[in-house]
Amino acid sequence: MMKLRLKTILLSVCLGGSFYAHAQNNVIDQVVWFVGDEAILKSDVEAYRLQMLLEGGKIEGNPYCFIPEQIAVRKLYLHQAKADSIDVSAATVNRRVEMALNHAINQLGSKEELERRVGKSFASIREDRREQERENLIIQEMQRKLVGNVKLTPADVRRYYNKAVQDSLPFIPTKVEVQIMTIQPEVLLKEKDAVKAKLRELTDRIYKGESFATLALMYSEDPQSAKRGGELGFAGRATYVPEFSNAAFALNDPKKVSNIVETEYGFHIIQLIEKDGDRGNFRHILIKPKITEADTQAAMHKADSIMTQINAGKMTFDSMYPSAMFVPEDKRGKTMTFDDAIGYLSQDTDTRNNKGIMVNKNPQSDNQGTPKFEMQELPVAIAFQLEKMKVGDVSAPFVVQDYNGKSVVAVVKLRNRIEGHRANMQEDYTVLKSIAEEQKRQEILEKWVKEKIRNTEVRIVDGWQNCEFKYGEWGKRR
């Protein structure tokens, strides 16, 4: 199910205003709408249409009806925001711009390809995008002000549910809650030394004149940044793990290369591209120590031995301590369950202190931050295990890639399974409340737009009037 958000009438795509501005040069212009003293040009409409086609955006009906209305609604919000003195910080705009540009580069493969598509330098693309993102954020703030704090009572939600056509209610996919214990294959010291030697060699080559970007493309094992010559894009300190962040932001000379940095992802060398206050753009080369099949099999054997002892009731708390004197008094002589063993044996730092309960980190999921997962949100290897399990079952050890891309040996327990179903008040109150509140927000915004249209001088030129508009009030001021 799509994540519920306050809908904003924004025509924002990855190439943004830069593509929009470039496209205007290829259209014979004429004014097609007037909204107050603001004109909407045919080139505006055509540019947005091309954007949406490029990005696969949904155009509802005739684009030459749908798009001018969308642009007109944007102008209403922006006009009201100016009257209400609503503005947004430059820092917030810059963050959004860099996210959008990084996304565009990821999609197209390189900064150079983005420049080629748009027909402008990267600096010009960034500047064009900045104004569009500023407008988008202002519109969002204006909508938040208009909507206020919509909170529905349980009685309101029940009324929404009772009035809703049952087939229109969302289908809630099957969700599961999972505990995990992981055993990481041990990386031999000689393998770590080999990785460090390779990075020292690359550092020497850079100082002798070779391009960091070229070497990143050739050797870095971070696939997303490698294709951009190791470039990570502008980001703040908190974006990176502390070890990487500390080394990166300590750099001040773009000609220098950092010392070798070890993180949970592997080993890195880093080069500064540019700093802007508390944000920076860096290149890095990542090399991961290799784990052999023998290392993985040793970890599998260890996990299998642990589970055999737990299942036989032979794993005790005493076996976890080097001496009986260190065993907590209330644990002496007691056997360990799977839940107990997680805290002592699991090497998954994210879940070990929470009884191994996995937490959904998918930012696009309605379940983000909860222990609930739809099956497609889990790593394939874990989902495959759970398909065959009943609540309370514990799997045999298997190999899975963790969030850092490392192969680890895992054992999972199915804590709970909620089968797919049509949303109902008993199991899905929170989902229904979110839907009902979203509907209420949209009603408030639509009412405001219609009222604003009635009090705004709007003129649509001949040839652009024969439309069924969403609001149906354009040009009917009274």
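Described in the following lines is the structure provided in the data block. What you see is a predicted model; the values in this text were computed from it and never measured.

### Considering the packing of aromatic side chains
Consideration 1: All chains considered together, the criterion is met by seven aromatic pairs.
Consideration 2: Between Trp-33 and Phe-469, the ring centres sit 5.4 Å apart and the planes meet at 80 degrees, which makes this aromatic pair edge-to-face. Within this pair, whereas Trp-33 is found in strand E1 (residues 31-35), its partner Phe-469 is found in the segment after strand E13 (458-460), the two being separated by 436 residues in sequence.
Consideration 3: A residue is classified by how much of its surface remains accessible, and Trp-33, at 0% relative accessible area, is buried.
Consideration 4: Between the aromatic rings of Tyr-64 and Trp-464, the centroid separation amounts to 5.8 Å while the plane-to-plane angle is 85 degrees, which identifies the pairing as edge-to-face. Note that Tyr-64 is positioned in helix H3 (residues 63-83) and Trp-464 in the segment after E13, a separation of 400 residues in sequence.
Consideration 5: A relative accessible area of 30% places Tyr-64 in the partly exposed class.
Consideration 6: Residue classification places Trp-464 among the buried residues on the basis of a relative accessible area of 10%.

### Quick notes on the pattern of salt bridges
Consideration 1: Scanning the entire structure with this criterion turns up 30 salt bridges.
Consideration 2: For Glu-98, the salt bridge is made with Arg-126, and the minimal N-O distance between the two is 2.8 Å. Note that Glu-98 is positioned in helix H4 (residues 90-108) and Arg-126 in helix H6 (residues 122-147), a separation of 28 residues in sequence. In this structure, Glu-98 and Arg-126 share a single accessibility class: buried.
Consideration 3: Put simply, Glu-127 and Arg-130 hold a salt bridge, and the shortest N to O gap is 2.7 Å. Placement of both Glu-127 and Arg-130 in helix H6 is noted, with a separation of three residues, approximately one turn of the helix.
Consideration 4: By relative accessible area, which is 48% here, Glu-127 ends up partly exposed.
Consideration 5: Among the charged side chains, a network of salt bridges with common partners joins Lys-198, Glu-201, Arg-205 and Glu-210.

Calculation rules
Residues numbered from 1 in each chain as written. Predicted model: local features only at pLDDT ≥ 70, side-chain atom pairs only at ≥ 80, totals over all residues. Heavy atoms only, no water. Phe/Tyr/Trp six-rings, centres within 6.5 Å; stacked < 30°, edge-to-face > 60°. Helix = DSSP H or I, 4+ residues; strand = E, 2+ residues; numbered from the N terminus. Buried < 20%, exposed > 50% of the residue type's maximum accessible area, 1.4 Å probe, protein only. Salt bridge = Lys/Arg side-chain N within 4 Å of Asp/Glu carboxyl O.

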